[in-house]
Amino acid sequence: MRREVRGVVRSMVLASVWLAGCAGTVKAPYPKLQADTSPAAIARGAAIFHASCESCHRGGDNETASGAPLHELPSYMGKFHASNLTSHPTAGIGSATDEELARVIRYAVSRDGRLMVMPSYGMGDKDLAAVLGFLRSGHPLFTPDPTPAPRSEFSFIGGLGFRIITGNEPIPRPPLGIPVPEKAATLEYGRYMAHDVYDCASCHTPGFSPRKTEGDEVFSGGMSFKDPEGQDVESSNITFHGTGLAHWTLEDFTRAVKDGIAPDGSALRSPMPRFRGMDAVEAQALYDYLRSVPPKKNHVDGARPRLTANSVRPTWVTKLDGAEREDGSESTTVAEAASATTTGTGAASPASTAGAVAGTTPRSPQPHDSEATAPHASADHNAANAPAHGSATTVASKTAGGTMPQGSATTVAGSATHGSATTVASKTAGGTTPHGSATTVAGSATHGSAATAASNTAGGATPHGSATTVTSNTAAGTTSPATIPVASSPAPRKPRPAAPKVDAPKLFTQLGCAGCHAPGARYHEQLARASRRSDTELVRWVRNPEQFQPGTPMPTYADLLDERTALALVRWVKSGGPATLAPVAH
């Protein structure tokens, strides 16, 4: 009897091992498609690849799509690694046929016939041919890499469960003849994008069944993943229920899916990709389609944000850049930010606020002058400090429209030393300096110095009511004024607010950077190498990483961070700040 029991147990174990081992061995047809390498098709294929493929197939330290560990999947399922998609003939896809690659994408069946954990894409023949065209385009992402990707392996439990759930069969689709709907802001096109191109349905529906997106829980969220810090996360409910996207506007939705920034200013959680190539038509179609899906109540822990009708959005930086802000201050250029000094924590130091008094004595810099700016705060460089021997200080004010606003003023106040010059130039493209404007230089000059103010127009005239004033104190102590009377007093500028200090380590964590760039995280080494770049380049990278790497999963922070604040982060990073953070454990 005991022998019989042992025999039954042994048979069950062997059967289970066999089931787990062949958890992906399937048959699937080969779509008879060829890569479309026309320029329009390659552009379309690039947009799809960057959105749906690159984040998995390009590792954090790789410049090519040579594969990467898939830490996002629960560890109990096994160990998984995305394939090498470079053009290398053996380690990559250089020797694969278009039909083989089309089968992988359409059915999630590997070249050796195994059912994979990757999504299968029901995109139309034309879009699938475009993706194949991009894979064959010679793009730098596909530069041959001889490093073979490790084989993905299910665990005993993972393989058994995956076989039972999927039925060991790919989702049924015709190998050919799948159309691409006309591109328009329609529910049909929105459904196509949500199910077949961006595949929102697979990630935002719980479970692993190939048919799960046909059920009632579609888009209700709750599928389990691992974030870059190794923490369990569940996909968000993206139906328009109060536990999902209720009260999200089209602008909220577009910024989130394209740039990775939620309506409350927080970064979307990993592994949510960024659909950078989505245009306004696609965004409208996808948004309207999700609104048409019956709302599902599903409160997903950690999902954010859930909005109400009264939720307050941040004041987005890009709406104010290049213009006077509501508080009267002006936006900061990257050149100004890069010239600022920093504190010990890497925070940028703005110059003193405007409003210098003529003839004041320059003071030495004070410790509290070295402050970083938070988003939306900026300040002028005060010209009150005396220029050094032989130096020059220049302030230029120009307008593209041809006029300076009525009552505007440009002022430099201070004292000049031996051989120095202080110059103010006010010019307009259209050739007029309007009524009531003024350009003033006031201060004291010593031996050999000059204080000059010039107001020029394209026509060479100084209009009625404007004034140019130079007042200088000579070595003998006499004053020689030269003034044209002003018809009306210029309106004073609003004082600029003091720039609050940036807590760079706190901001680095709040923006979600630590999860990807702390020690042990997927992109930590990449960040360390990037520190060798210039401040100006890194400021641009922080705010708009997609301009350097179109498929990057990093959010676009330009709407949240002005250039001075980005500079504070950059200098903290370059000083070794991320190395002081707690390591990430996968």
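Located above this text is the structure these notes cover.
Criteria and thresholds
Residues numbered from 1 in each chain as written. Predicted model: local features only at pLDDT ≥ 70, side-chain atom pairs only at ≥ 80, totals over all residues. Heavy atoms only, no water. Helix = DSSP H or I, 4+ residues; strand = E, 2+ residues; numbered from the N terminus. Buried < 20%, exposed > 50% of the residue type's maximum accessible area, 1.4 Å probe, protein only. Contact = heavy atoms within 4.5 Å. Areas by Shrake-Rupley, 256 points an atom, 1.4 Å probe, with all protein chains shown as cover. Core = buried A, V, L, I, M, F, W, Y, C linked by side-chain atoms within 4.5 Å. Polar contact = N/O pair within 3.5 Å; in protein donor to acceptor, adjacent residues only side chain to side chain. Salt bridge = Lys/Arg side-chain N within 4 Å of Asp/Glu carboxyl O. Phe/Tyr/Trp six-rings, centres within 6.5 Å; stacked < 30°, edge-to-face > 60°. Lys NZ or Arg CZ within 6 Å of the ring centre and 35° of its normal. Axes fitted to C-alpha atoms, helices over the stretch in contact; angles between N-to-C directions. Parallel < 35°, antiparallel > 145°, perpendicular 65-115°, else oblique. Left-handed = near helix turned anticlockwise from the far one by under 90°. Nonpolar A, V, L, I, M, F, W, Y, C, P; charged D, E, K, R; others polar.

A. Local environment of the overall build of the chain. Summing up its helical and strand segments, the chain has 16 helices and 12 strands in all. Every one of the 586 residues in the chain was classed for burial, and the buried ones make up 48%. In the chain, once contacts between residues fewer than 6 apart in sequence are set aside, the share between residues at least 24 apart is 71%. In the structure as shown, the chain presents an accessible area of about 27,800 Å², 57% of it carried by carbon and sulfur atoms.

B. Structural detail: unusual backbone geometry. Following Ser270, the chain continues to Pro271 via a peptide bond in cis, the omega torsion being 10°. Summarising the element assignment, Pro271 is placed in the loop between helix H9 (250-259) and helix H10 (280-292). Unlike most non-glycine residues, Phe219 shows phi in positive territory, near 70°. On the secondary structure map, Phe219 appears in the loop between helix H8 (200-203) and strand E3 (224-226).

C. Seen up close, H9. Of all the positions in H9, only Asp252, Phe253, Arg255, Ala256, Val257 and Asp259 are classed as buried. Taken together, the buried residues of H9 touch H10. One or two residues past the end of H9 sits Gly260, with phi positive at roughly 80°.

D. Geometry of the nonpolar core. Of all hydrophobic cores here, the largest spans 51 residues; its most connected members are Phe49, Met123, Leu135, Tyr198, Phe219, Phe253 and Leu290. Elements represented by at least two residues in this core include exactly helix H2 (39-52), helix H4 (98-107), helix H5 (125-135), helix H7 (187-197), H8, H9 and H10. The element contributing the most residues to this core is H10, with six residues. Contacts of Leu290, omitting those with residues within four sequence positions, involve Phe219, Ile238, Phe240 and Phe253. With 30 residues, the next largest nonpolar core counts Ala514, Leu567, Val573 and Val584 among its residues.

E. Region of interest: the side chain of Asp562. Looking at the element boundaries, Asp562 is found in the loop between helix H15 (535-543) and helix H16 (563-574). At a separation of 2.6 Å, a polar atom in the side chain of Asp562 contacts the side chain of Thr565.

F. Examining the pattern of salt bridges more closely. Under the defined criterion, the tally for this structure stands at 18 salt bridges. For the salt bridge of Arg44 with Glu282, the shortest nitrogen-to-oxygen distance reads 2.9 Å. Highlighted residues: Arg44 in helix H2 and Glu282 in helix H10, separated in sequence by 238 residues. Given the relative accessible area of 19%, Arg44 is considered buried. Accessibility expressed as a relative area gives 2% for Glu282, which makes it buried.

G. Representation of the packing of aromatic side chains in the model. The full count for this structure, using the stated rule, is 12 aromatic pairs. Seen from their ring centres, Phe49 and Phe134 are 5.5 Å apart, and the 55° between their planes marks the pair as tilted. On the criterion of sequence distance, the pair formed by Phe49 in helix H2 and Phe134 in helix H5 is long-range, its members being 85 residues apart. Here Phe49 and Phe134 have matching classes, each one buried. Relative to Tyr287, the ring of Phe253 lies with its centre 5.6 Å away and its plane at 55°, an arrangement referred to as tilted. Separated by 34 residues along the polypeptide, Phe253 in helix H9 and Tyr287 in helix H10 bring together distant segments of the chain. Chaining the aromatic ring pairs together yields one cluster made of Phe49, Phe134 and Phe142. Directly above the aromatic system of Phe240 lies the positively charged group of Arg291, at a separation of 5.3 Å from the ring centroid.

H. Seen up close, the packing of H4 against H5. Interhelical geometry of H4 versus H5 gives an angle of 120° and a closest axis separation of 10 Å. Classified by the interaxial angle, the pair formed by H4 and H5 is oblique. Seen along the crossing, H4 lies across H5 with a hand that is right-handed. Between H4 and H5, the contacting residues are Asp98, Leu101, Ala102, Ile105 and Arg106 on the first element and Asp125, Leu128, Val131, Leu132 and Leu135 on the second. A breakdown of the residues in the contact of H4 with H5 according to their chemical character gives seven nonpolar, no polar and three charged.

I. Examining the packing of H2 against H5 more closely. Where H2 contacts H5, the two axes come as close as 7 Å, and the packing angle between them is 90°. By the angle between their directions, the pair H2 and H5 is classed as roughly perpendicular. Of H5, the residues touching H2 (which contributes Ala41, Ile42, Arg44, Gly45, Ala46, Ile48, Phe49 and His50) are Asp127, Ala130, Val131, Gly133, Phe134 and Leu135. Grouping the constituent residues of the contact of H2 with H5 by class yields nine nonpolar, three polar and two charged.

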